[in-house]
Amino acid sequence: MAVPKKKTSKAKGRSRRASAWRVSAPAQSTCPRCGSVKRPHRVCRVCGWYAGREAVEVA
């Protein structure tokens, strides 16, 4: 049975655990109406359109 020769430091164990907590950049798509960058499946903040119709009136 394998036995470690040296004690693993707290920093080494915590950094190994922290590697799974990396945050990726959110997905982006372009609005087909105005061409601005927006999150997918959400109303466009610039023109207020979603799924081919005006969902929110933008002033």
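Residues numbered from 1 in each chain as written. Predicted model: local features only at pLDDT ≥ 70, side-chain atom pairs only at ≥ 80, totals over all residues. Heavy atoms only, no water.

## Some remarks on the environment of Arg-17
What counts here: Only runs of H or I of at least four residues qualify as helices and only runs of E of at least two qualify as strands under DSSP, and these elements are numbered from the N terminus. Only protein chains enter the area calculation, which uses a 1.4 Å probe; residues under 20% of their type maximum are buried, those over 50% are exposed, and those in between are partly exposed.
Here Arg-17 is to be found in helix 1 (residues 10-18). Judged by relative accessible area, Arg-17 falls into the exposed class, the value being 58%. Each C-alpha atom of the pair Arg-17 and Ala-59 lies 47 Å from the other, and the pair is 42 residues apart in sequence.

## What to know about unusual backbone geometry
Leaving glycine aside, a negative phi is the common case for residues, and trans is the common case for peptide bonds. Phi is positive for His-41, which is not a glycine, with a value near 60°. You can call His-41 exposed: its relative accessible area is 68%. Phi is positive for Ala-51, close to 55°, though the residue is something other than glycine. Relative to the helices and strands, Ala-51 resides in the loop between strand 3 (49-50) and strand 4 (53-54). According to the relative accessible area criterion, Ala-51 is exposed, its value standing at 66%.

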